[in-house]
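Residue strings, one per chain:
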Amino acid sequence: MHRFANPARFLRLARPLTPALFWLGLLLALGACLWGLFAVPTERLMGDTVKIIFVHVPSAWLGMGGWMGIAIASLVQLVWRHPLAGIAARAIAVPGATFAAICLMTGSIWGRPTWGTWWVWDGRLTSMLVLFFLYLGYIALANASSEKGDTSRVAAVFGIIGAVNIPIINRSVIWWESQHQKASITLGGSSIDGAYLAPLFVAVAGFSLLFGALVLMRMRAALAEMRIDARMRRMADD
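What you see is a predicted model; the values in this text were computed from it and never measured. (Residues numbered from 1 in each chain as written. Predicted model: local features only at pLDDT ≥ 70, side-chain atom pairs only at ≥ 80, totals over all residues. Heavy atoms only, no water.)

S.K.: What is the right way to look at a nonpolar patch on the surface in this model?
M.R.: A contiguous nonpolar patch, built from L75, V79, W80 and I160 and spanning about 360 Å² of accessible area, is present on the exposed surface. In terms of residue count, helix 2 (residues 53-80) provides more of the nonpolar patch than any other element does, three residues in total. Within the element layout of this structure, I160 appears in helix 5 (residues 153-162). Residue classification places I160 among the partly exposed positions, given a relative accessible area of 30%. (Patch = residues over 30% accessible without salt bridge, like charges linked within 9 Å, V, L, I, M, F, W, Y side chains within 5 Å. Areas by Shrake-Rupley, 256 points an atom, 1.4 Å probe, with all protein chains shown as cover. Salt bridge = Lys/Arg side-chain N within 4 Å of Asp/Glu carboxyl O. Helix = DSSP H or I, 4+ residues; strand = E, 2+ residues; numbered from the N terminus. Buried < 20%, exposed > 50% of the residue type's maximum accessible area, 1.4 Å probe, protein only.)

See the structure below:
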């Protein structure tokens, strides 16, 4: 884990990896959305509305996965004092919040013709909304209490505590009565038709690669900002 603790070594890896992840992710994400929109047959009950799944599901996955990334990076920062962990946590926050917001918006659009309303206060939707507000809180806390690029211990603790909400989101449709459908993909198999499942997996892979590229971009920008700040301080001291 400490092999890439050196920022210079990390940057040597991140520079070629960032465009590779971005363009491959963009190709897969766009391809999956076009595949799902034009090649997948219309669903019998929900019609073409269900095709929003190719954006909604990857966004939900990345909204939750993003916070788990923050929690893991925060734990590494606090326990092992990894110099890049705090930077990684801050870099994840904005893309994670963006995908959480996309999940909420696409879910609302999907829910309008399906449930007859834009919003219901059930367990899944409410816990996902809580996740979005947690992201906003983390971003505000990190910006207010952290040095340039790095993340404070207070923000790191908040990132770890906020992870409690992730299993609540996951199990909400089981623990409480919900208009949201039960899990369609589990370790035991999938209830989604194969015609939808294949492009859905491609969409998840594509958006995940885009997410990784965005995180690397933000980490590289934070490191560049720290270098400039350090250079300016040395010039001021001279």
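S.K.: Would you explain the packing of helix 2 against helix 4 (residues 123-145) in this entry?
M.R.: Two numbers describe a pair of packed helices, the interaxial angle and the distance between the axes. Remark: helix 2 packs on helix 4, axes separated minimally by 11 Å, with the N-to-C direction vectors making an angle of 45°. Between helix 2 and helix 4, the interaxial angle falls into the category oblique. The two elements helix 2 and helix 4 meet at a crossing, and its hand is left-handed. Together, A60, L62, G63, M64, G66, W67 and I70 of helix 2 and M128, L131, L134, Y135 and Y138 of helix 4 make up the contact between the two elements. (Axes fitted to C-alpha atoms, helices over the stretch in contact; angles between N-to-C directions. Parallel < 35°, antiparallel > 145°, perpendicular 65-115°, else oblique. Left-handed = near helix turned anticlockwise from the far one by under 90°. Contact = heavy atoms within 4.5 Å.)

S.K.: Would you mind showing me how to read the packing of helix 2 against helix 3 (residues 85-115) here?
M.R.: Here helix 2 crosses helix 3 at 155°, and the two axes come no closer than 7 Å. In this view, helix 2 runs roughly antiparallel relative to helix 3, as classed from their interaxial angle. The hand of the helix 2/helix 3 crossing is left-handed. Partitioning the contact of helix 2 with helix 3 into residue classes produces 17 nonpolar, 11 polar and no charged. (Nonpolar A, V, L, I, M, F, W, Y, C, P; charged D, E, K, R; others polar.)

S.K.: For this particular structure, what's the right way to read the UniProt feature "transmembrane region" (unreviewed entry) in the protein?
M.R.: UniProt marks residues 21-40, 60-80, 92-111, 123-142, 154-176 and 196-217 with the feature "transmembrane region" (unreviewed entry), using the numbering shown here. Split by type, residues 60-80 is 100% helix and 0% strand. Its first and last C-alpha atoms lie 30 Å apart. Secondary structure content for residues 196-217 is 100% helix and 0% strand, while the C-alpha to C-alpha distance between its ends is 32 Å. (UniProt positions renumbered as here; feature names shortened; annotations may be inferred.)

S.K.: Explain the environment of V173 to me, please; I cannot follow it from the model alone.
M.R.: Looking at where V173 falls in the secondary structure, it is placed in helix 6 (residues 165-175). Measuring from C-alpha to C-alpha, the distance between V173 and G123 comes to 6.7 Å, with 50 residues separating the pair along the chain.

S.K.: Can you help me understand a positive patch on the surface in this one?
M.R.: Taken together, the side chains of R9, R12, R15, R227, R231 and R234 present a region of like positive charge at the surface. Those elements giving two or more residues to the positive patch turn out to be helix 1 (7-39) and helix 7 (194-237). Along the chain, the position of R227 falls in helix 7. The partly exposed category is assigned to R227, whose relative accessible area is 45%. (Lys, Arg positive; Asp, Glu negative; His and termini not counted. Charge placed at Lys NZ, Arg CZ, Asp CG, Glu CD.)

S.K.: Before we go on, may I ask you to explain unusual backbone geometry in this structure?
M.R.: Excluding glycine, residues mostly have negative phi values, and the peptide bonds linking residues are mostly trans. Its identity as a non-glycine residue notwithstanding, R81 has a phi of 55°, on the positive side. The class for R81 is exposed, based on a relative accessible area of 60%.

S.K.: When you look at the packing of aromatic side chains in this model, what are you seeing that I'm missing?
M.R.: Aromatic ring pairs: the centre-centre distance and the angle between the two ring planes describe each pair. Within the structure shown, the criterion is met by nine aromatic pairs. Where F22 meets W23, the ring centres are 5.0 Å apart and the plane angle is 85°; that geometry is what we call edge-to-face. The partly exposed category is assigned to F22, whose relative accessible area is 23%. Ring plane angle 50° and centroid distance 5.9 Å describe the contact between F132 and F133, whose orientation is recorded as tilted. Aromatic rings pair up to connect W67, Y135, Y138 and F158 into one cluster. (Phe/Tyr/Trp six-rings, centres within 6.5 Å; stacked < 30°, edge-to-face > 60°.)

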